[in-house]
Amino acid sequence: MTTYQMNFNQDFTSLSVLSATGLRLYSIAGQDKVEEIFAKDNTEQIRIVERLFNSSLVVLVTSQKPNCLKMLHFKKKQDICNCFYPSEILCVRMNRQRLIVCLAESIHIHDIRDMKILHSIENIAPNEQGLCALSLNSHLAFPVCQTSGELRIFNASKLRTGMTIKAHDTPLSALTFSPSGALLATASERGTVIRVFCVKNGQRVQEFRRGVSCVRIASLVFAASGDFLCASSNTETVHIFKIDARAVESVELKAIAEVAAKSDSASKESTATAAPTTEEASVAPVASWGGMFSKAVSSLLHSTQVSDVLAQDRSFATVVLAQAGLKHICALTRVQKELRLLIACEDGFLYVHEFNAERGGSCKLLAVHDLRGALEDVIELQLSESVLRMQAKPVTTPQSLTLLKSCAASVLIENPDPMPDNSYASILRGDQADAMSDSAKFRKLCDAIDTPTKLYDERQFPPVAIAAKD
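Only a predicted model underlies this, so the values are computations on that prediction, with no experimental measurement involved.

Draft legend 1. Region of interest: the packing of aromatic side chains. A full pass over the atoms with the stated rule returns 7 aromatic pairs. Geometrically, the ring pair formed by Phe 228 and Phe 355 is edge-to-face, given 4.9 Å between the ring centres and 80° between the ring planes. Placement of the pair is Phe 228 in strand β22 (residues 228-233) and Phe 355 in the loop between β28 (349-354) and β29 (361-362), with a sequence separation of 127 residues. Three or more aromatic residues joined by ring pairs make a cluster, and in this case those are Phe 228, Phe 316 and Phe 355. In this arrangement the basic side chain of Arg 96 is found over the ring face of Phe 53, its NZ or CZ atom lying 4.1 Å from the centre.

See the structure below:
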């Protein structure tokens, strides 16, 4: 049986379908409207595909050159740049500010607007699965231990190392952030328990029991609203869990109380060092505002029954699939203003299910889309001559290559040869044969990243740059 590698974009409005023969990109415009927007044959043996929201920017990694990241403007059929890494690329994650490339023993953080490397996290615990998660506000999570489910949170926006969380006793198999970046959900290799943590302080918010038998988690994703968490595995059941808003609020209040308590303690230590006057000594000590706030929050926490928060919850809704053993990836999002569960299967089909956010229960199948069709009207993205030369011998032209050093690793960024411009103005400038400049690459990236305003909520997903429309 032919298998298909399915992958949603960041806001679940687009789906990539990759097979041994070709790549297709689909736009999910409605329950009954899934339109093909791009097609390409797979002569390069593509194995990783990521699209940035509804933009024209697509990144590819091929089996022929597993250490090379190709950035494409698929609507204009243009190569933007190619980045080379010390070892095989295992995973790529993107948002509107950052592009993350995960290798087995290092993670590289780029500014997506110009692809300059900002930071490299070196010498991490071997991560052969390339497991990592990136939030929309640029929190990065990745495992730091091969024998347990310990992970680290890194602020990819401010380039600061955050806390370490021991999420499970066994190694991790899945990580995902909520849309707001406030919550992090995890699953281990056993796949029996799914846990949700507060990103601010690492406290556990909820714990869900998926089942008693060990399974392989295939997909773990929050709903676009952040109110639900969906998990699929190699069994025939997809589970949807409900996030307890009170539990989230309680843990966040606890984090605030801890900060207030630390501030109060520091304040007391500073006043204790000063000698009190006679008048001060005669006055009874008065609790500081920080201490009063801490006590109030502590009282609130006890009244909300924290023990109930940590109780294991069962699934709120389920879907029983037609066949177990296949990989299914899920998305819980609004399609034409209606909340829908999308399930993309490696058999090449997209299943659209009804989801009742009030009652839960079994989700009714509404539509099925066959995405296996033979490639027609294939759009070819021709490799530039510089990329072909790279396959034969190293390229050393200083104008076409930029070598960026970071710790022990080096990342090579190649700008493809520009399209020839034989206009009179170009001849006068004398730049018709020059390699693409950094500013030209920046314009191409901005053009590819730019999304028409009607396709997203600007308050939630602001563009990184405003470029001229096509």
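Draft legend 2. Fine view of unusual backbone geometry. The backbone of Asn 123 sits at a positive phi, close to 55°, despite the residue not being glycine. One non-glycine residue, Lys 337, lies in positive phi territory at about 75°. Summarising the element assignment, Lys 337 is placed in the loop between β26 (328-335) and β27 (338-345).

Draft legend 3. Structural view of the sheet that holds strand β15 (residues 149-155). Strands sit in the order β13-β14-β15-β16 across an open sheet of 4 strands; the sheet is antiparallel. Taken across any chain shown, the strands that pair with only one partner, and hence form the sheet edges, are β13 (133-134) and β16 (160-168). Both β15 and β16 contribute to a ladder of 6 bridges, which runs antiparallel. Each residue of the ladder has a partner; that of Gly 149, found in β16, is His 168.

Draft legend 4. Summary view of the sheet that holds strand β10 (residues 98-102). Sheet architecture is open: 4 strands sit in the order β9-β10-β11-β12, paired in antiparallel fashion. Every other strand in the sheet has two partners, leaving β9 (91-94) and β12 (117-122) as the edge strands with one partner each. Neighbour-to-neighbour, the strand axes of the sheet open up by a mean angle of 15°, direction not taken into account. Judged from the 4 bridges that link them, β9 and β10 form a sheet pairing that is antiparallel. Directly across from Met 94, in β10, lies its bridge partner Leu 99.

Reading the values: the criteria
- Residues numbered from 1 in each chain as written.
- Predicted model: local features only at pLDDT ≥ 70, side-chain atom pairs only at ≥ 80, totals over all residues.
- Heavy atoms only, no water.
- Phe/Tyr/Trp six-rings, centres within 6.5 Å; stacked < 30°, edge-to-face > 60°.
- Helix = DSSP H or I, 4+ residues; strand = E, 2+ residues; numbered from the N terminus.
- Lys NZ or Arg CZ within 6 Å of the ring centre and 35° of its normal.
- Pairing = 2+ DSSP bridges.
- Axes fitted to C-alpha atoms, helices over the stretch in contact; angles between N-to-C directions.

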